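# Topology and contacts: notes
Read off the chains here:
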Amino acid sequence: MMATLSDADIIEKTAAFVQQTLKDAEGGHDWWHIQRVWTNAKLIAPAEECDRLVVELAALLHDIADSKFHNGDEEIGPATAGNFLKSINIDDVIVVHVQQIIRHMSFKASFDKASFHSTELAVVQDADRLDAIGAIGIARAFTYGGFKDREIYNPNIPPNLTMTKEQYKNTTAPTINHFYEKLLLLIDKMNTPTGKAMAQQRHTFMEAFLTQFYLEVQ
């Protein structure tokens, strides 16, 4: 029978597993993205009444198998996370909670009617959304756009502000459109006071970037 691990040991083992699993991942969804989200989560969590272990595990495992890179399979992430956590003898209640956070935290999940909520989800979701905006968010957007061979900008393809979930998942639109279809919307979707405060400067930076972008393309 496996000895009970301390929370610190659990986090250490999980971080090592994630770092190894994502060592060859696309640049916007690699270990460094995970590390930034993990750091953001640890900054937000102290102001909330939440289970810190669940928060840190969910932050570490939230992109362990992103559906974008697995033929749209939205269950492979929760399954991969669950299998790992069970392998180190984590309590089933924690495993299920982490899996539920992974299922419900992405932007595309917001197209569906909310069927799950917890303070831990709110914290990790804010942490992840922070990494989608600001200078890092801009870099990640263009990295993924290049990975998918998308145009940077095409004035003949306007942003679609009324997309369905399936349209969002399958879009091939230029990367600039993504700012209007997601990134600029995130500040109003932040859950926690700390997350909202951290998002404001990053949001303003994106607006300034777009102003400069259009000055240059015009």
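Keep in mind it's a predicted model, so treat the numbers as computed, not measured. (Residues numbered from 1 in each chain as written. Predicted model: local features only at pLDDT ≥ 70, side-chain atom pairs only at ≥ 80, totals over all residues. Heavy atoms only, no water.)

Let us look at the overall build of the protein chain. From N to C terminus, the protein chain includes 10 helices and zero strands. The linear arrangement of helices and strands in the protein chain, starting from the amino end, is α-α-α-α-α-α-α-α-α-α. The C-alpha radius of gyration of the protein chain comes to 18 Å, within 12% of the 17 Å expected for a compact globule of 218 residues. Its C-alpha atoms give the protein chain principal-axis dimensions of about 65 × 35 × 30 Å. Per-residue burial for the protein chain yields a buried fraction of 47% across its 218 residues. Intrachain contacts of the protein chain at a sequence separation of at least 6 include 67% that bridge at least 24 residues. A total accessible area of about 11,200 Å² is found for the protein chain, and carbon and sulfur atoms account for 53% of it. Taken as two groups, the 20 positive and 29 negative side-chain charges of the protein chain have centres that lie 2 Å from each other. (Helix = DSSP H or I, 4+ residues; strand = E, 2+ residues; numbered from the N terminus. Rg over C-alpha atoms; globule rule 2.2 N^0.38 Å. Buried < 20%, exposed > 50% of the residue type's maximum accessible area, 1.4 Å probe, protein only. Contact = heavy atoms within 4.5 Å. Areas by Shrake-Rupley, 256 points an atom, 1.4 Å probe, with all protein chains shown as cover. Lys, Arg positive; Asp, Glu negative; His and termini not counted. Charge placed at Lys NZ, Arg CZ, Asp CG, Glu CD.)

Take the packing of aromatic side chains next. Following the criterion strictly, the structure yields 10 aromatic pairs and no others. Taking the centre distance of 6.1 Å and the plane angle of 65° together, the rings of Phe-142 and Phe-209 count as edge-to-face. With Phe-142 in helix H7 (residues 134-147) and Phe-209 in helix H10 (residues 193-217), the pair connects residues that are 67 residues apart, well separated along the chain. Pairwise contacts between aromatic rings join Phe-142, Tyr-153, Phe-179, Phe-209, Phe-213 and Tyr-214 into one cluster. The ring of Trp-38 is capped by Lys-42, whose NZ or CZ atom sits 4.0 Å from the centre of that ring. (Phe/Tyr/Trp six-rings, centres within 6.5 Å; stacked < 30°, edge-to-face > 60°. Lys NZ or Arg CZ within 6 Å of the ring centre and 35° of its normal.)

Attention now moves to the nonpolar core. Counting 57 residues, the largest nonpolar core has Val-18, Leu-57, Leu-60, Leu-61, Leu-85, Val-98 and Phe-179 as its most contacted members. Ranked by residues supplied to this core, first place goes to helix H3 (residues 52-61) with eight residues. In contact with Leu-57, other than residues within four places in its own chain, are Ile-10, Ile-11, Thr-14, Leu-85, Ile-94 and Val-98. (Core = buried A, V, L, I, M, F, W, Y, C linked by side-chain atoms within 4.5 Å.)

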